[in-house]
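Summary of structural features
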Amino acid sequence: FELEAIVDAQSARIRELELEARTLQDRVSAAKSRSASTELSAAAETVGLSARLQAANQDKKNMLAANKELLSRAAALETHLAGTRQTAEALRAGVGEQRSR
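Residues numbered from 1 in each chain as written. Predicted model: local features only at pLDDT ≥ 70, side-chain atom pairs only at ≥ 80, totals over all residues. Heavy atoms only, no water.

**What to know about the overall build of the protein chain**
The following threshold applies: Only runs of H or I of at least four residues qualify as helices and only runs of E of at least two qualify as strands under DSSP, and these elements are numbered from the N terminus. Radius of gyration here is computed from C-alpha atoms only, and the compact-globule reference equals 2.2 Å multiplied by the residue count raised to the power 0.38. Three exposure classes are used, based on accessible area relative to the maximum for each residue type with a 1.4 Å probe and protein chains only: buried under 20%, partly exposed in between, and exposed over 50%. By definition in these notes, contact holds between two residues if any of their heavy atoms fall within 4.5 Å. Only four residue types enter the charge count, namely Lys and Arg as positive and Asp and Glu as negative; His and the chain termini do not. Lys charges are placed at NZ, Arg charges at CZ, Asp charges at CG and Glu charges at CD.
A count of helical and extended segments in the protein chain gives two helices and zero strands. A compact globule built from 101 residues should have a C-alpha radius of gyration of about 13 Å, whereas the protein chain, at 26 Å, is more than 25% larger. The buried share of the protein chain, reckoned over its 101 residues, is 17%. At a minimum sequence separation of 6, the contacts of the protein chain that also span at least 24 residues come to 74%. Within the protein chain, one finds 15 positive and 14 negative side-chain charges whose respective centroids are separated by 2 Å.

Written out as structure tokens, the structure reads:
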């Protein structure tokens, strides 16, 4: 399914975002632990990194919601397809009955 490919791609992007978040958290920790002489620049960097981390987390939340929606749509499509198959089978059976008469 094309939806599965989208979900897989978004899942991979979520993993990338999680890795980026961990990297950013490590950098935030490193920035916070710098010496007092660089405290001001470290604080500015920490603010910037924190903003990027928040954005990455929001992207992750959005992608998880999108994945949930896509999976829901895929389930609905599968249900619809099953119904269509049953209808087609019933129609074939009916045509077969009429031919045998």
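**Some points on the nonpolar core**
For soluble globular proteins, nonpolar side chains are generally found buried alongside one another. How we decide: Here, nonpolar core means buried Ala, Val, Leu, Ile, Met, Phe, Trp, Tyr and Cys residues that are tied together by side-chain atoms lying within 4.5 Å of each other.
Counting five residues, the largest nonpolar core consists of Ala21, Leu24, Val28, Leu49 and Leu53. Counting residues per element, this core draws most heavily on helix 1 (residues 2-32), which supplies three residues. Leave out the neighbours within four places in its chain, and leucine 24 touches Leu49, Arg52 and Leu53.

**Points about the pattern of salt bridges**
Inclusion rule: We define a salt bridge as a contact between a side-chain nitrogen of Lys or Arg and a carboxyl oxygen of Asp or Glu at a distance within 4 Å.
If you walk through the whole model with that rule in mind, you get five salt bridges. Its salt-bridge partner being arginine 73, residue glutamate 69 comes within 3.0 Å of it at the nearest N-O pair. Of this pair, glutamate 69 and arginine 73 both sit in helix 2 (residues 39-100), four residues apart, which is roughly one turn of the helix.

**What about the side chain of threonine 46?**
Position of threonine 46 among the secondary structure elements: in helix 2. By relative accessible area, threonine 46 is classed as buried at 12%. Excluding residues that lie within four positions of it along the chain, threonine 46 makes contacts with Val28, Ala31 and Lys32.

**With respect to helix 1**
Residue pairs spaced three or four apart in an α-helix point in one direction, given the helix's 3.6 residues per turn. Where we set the bar: In this analysis, the expected span of each helix is defined as 1.5 Å times one less than the number of residues it contains.
Over its 31 residues, helix 1 runs 44 Å from end to end, which matches the ideal 45 Å to within 8%, given 1.5 Å per residue. Along helix 1, the residues that are buried comprise Leu3, Val7, Gln10, Ile14, Leu17, Ala21, Leu24, Val28 and Ala31. Contacts from the buried residues of helix 1 go to helix 2.

**What about the environment of glutamate 20?**
As for its position among the elements, glutamate 20 is in helix 1. Note on glutamate 20: relative accessible area 28%, which makes it partly exposed. C-alpha of glutamate 20 to C-alpha of glycine 83: the two residues are 63 residues apart in sequence and 43 Å apart in space.

**Digging into helix 2**
Spanning 62 residues, helix 2 covers 89 Å between terminal C-alpha atoms, matching the ideal 92 Å at 1.5 Å per step. Here helix 2 has its buried residues at Ala42, Thr46, Leu49, Leu53, Ala56, Asn67, Leu70 and Ala74. Tucked into the core, helix 2 has its buried residues touching helix 1.

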